[in-house]
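# Observations on the model geometry
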Amino acid sequence: SYVCDGAFAGFSLLTTLILPECTSITRFPKAKLTTISLPKLPSISGFLFSGAKITTASFPECSYVDAGAFQGCTELNTVYFPKCTYLEIQAFQGCSKLTTASFPKCSYIGWTTFSGCTKLSSLYLLSTSLVTLQNSSAFLSTPCKIFVPKKLFNTYKTATNWSKYSS
């Protein structure tokens, strides 16, 4: 199912959005939105949730997070995307309360994807192959520990753009 522009016109106080069958969404009122569940959404378009006050989000089928999709979501604290393979530029930039992020199938991270996530302490990248890192600015002002599969640990330590984070 598809949610089109204007579907939530007049719902400016909406705090929870649960759409179990939705496969596409373009815009909605995000000023008060704190909880969102879109279990069948395959991708999140650019800047869709940017600036929203989301604290809880569920996207179990999402495989692609576009540029700035969650940029400035300052209340978001934990994200888990079990099928996501691609994180575009600035996807989580400025999510200042984000503490834990897990992407078990991630294969690509764009520049400044997690920059400004000043409380991000743990990032789990558990893909069985090396994640492509567009450049080393993906984690600017981000104090996180990056967890990768043990068998790839030495590969990450010397890989392009990853070597900066070898410690």
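The structure under discussion appears in the preceding block.
Given the structure is predicted, the values throughout are model-derived calculations rather than measurements.

What follows covers the pairing of strand 10 (residues 100-103). Across three bridges, strand 8 (residues 78-80) lies against strand 10 in parallel orientation. Considered in strand 10, the bridge of T78 is made with T100. Summarising the sheet, strand 10 and strand 12 (residues 122-125) pair through four bridges and their orientation is parallel. Opposite T100, over in strand 12, you have S122 as the bridge partner.

The strand order 2-4-6 describes an open sheet built from three strands, whose pairing is parallel. Across the chains shown, the open sheet's two edge strands, defined by having one partner strand only, are strand 2 (16-18) and strand 6 (56-58). Averaged over neighbouring strand pairs, the angle between their axes works out to 5° when direction is ignored. Sheet topology places strand 4 (residues 35-37) next to strand 6; three bridges connect them, and they run parallel. Looking at the pairing, T35 lines up with T56 of strand 6.

With that settled, the discussion passes to the sheet that holds strand 13 (residues 132-133). In any sheet, the strands associate via hydrogen bonds between backbone groups, in a parallel or an antiparallel arrangement. Sheet architecture is open: five strands sit in the order 5-7-9-11-13, paired in parallel fashion. One side of each edge strand has no neighbouring strand; the edge strands of this open sheet are strand 5 (43-44) and strand 13. Pairing geometry for strand 5 and strand 7 (residues 64-65), over two bridges, is parallel. In the sheet register, I44 faces strand 7, and the bridge partner there is V65.

Right, let's get into the side chain of S122. Structurally, S122 is set in strand 12. For S122, a relative accessible area of 14% puts it in the buried group. Apart from the residues lying within four places of it in its own chain, the contact partners of S122 are T99, T100, A101, C144, K145 and F147.

The rules behind these values
- Residues numbered from 1 in each chain as written.
- Predicted model: local features only at pLDDT ≥ 70, side-chain atom pairs only at ≥ 80, totals over all residues.
- Heavy atoms only, no water.
- Pairing = 2+ DSSP bridges.
- Helix = DSSP H or I, 4+ residues; strand = E, 2+ residues; numbered from the N terminus.
- Axes fitted to C-alpha atoms, helices over the stretch in contact; angles between N-to-C directions.
- Buried < 20%, exposed > 50% of the residue type's maximum accessible area, 1.4 Å probe, protein only.
- Contact = heavy atoms within 4.5 Å.

By themselves, these figures tell us nothing about what the structure is for.
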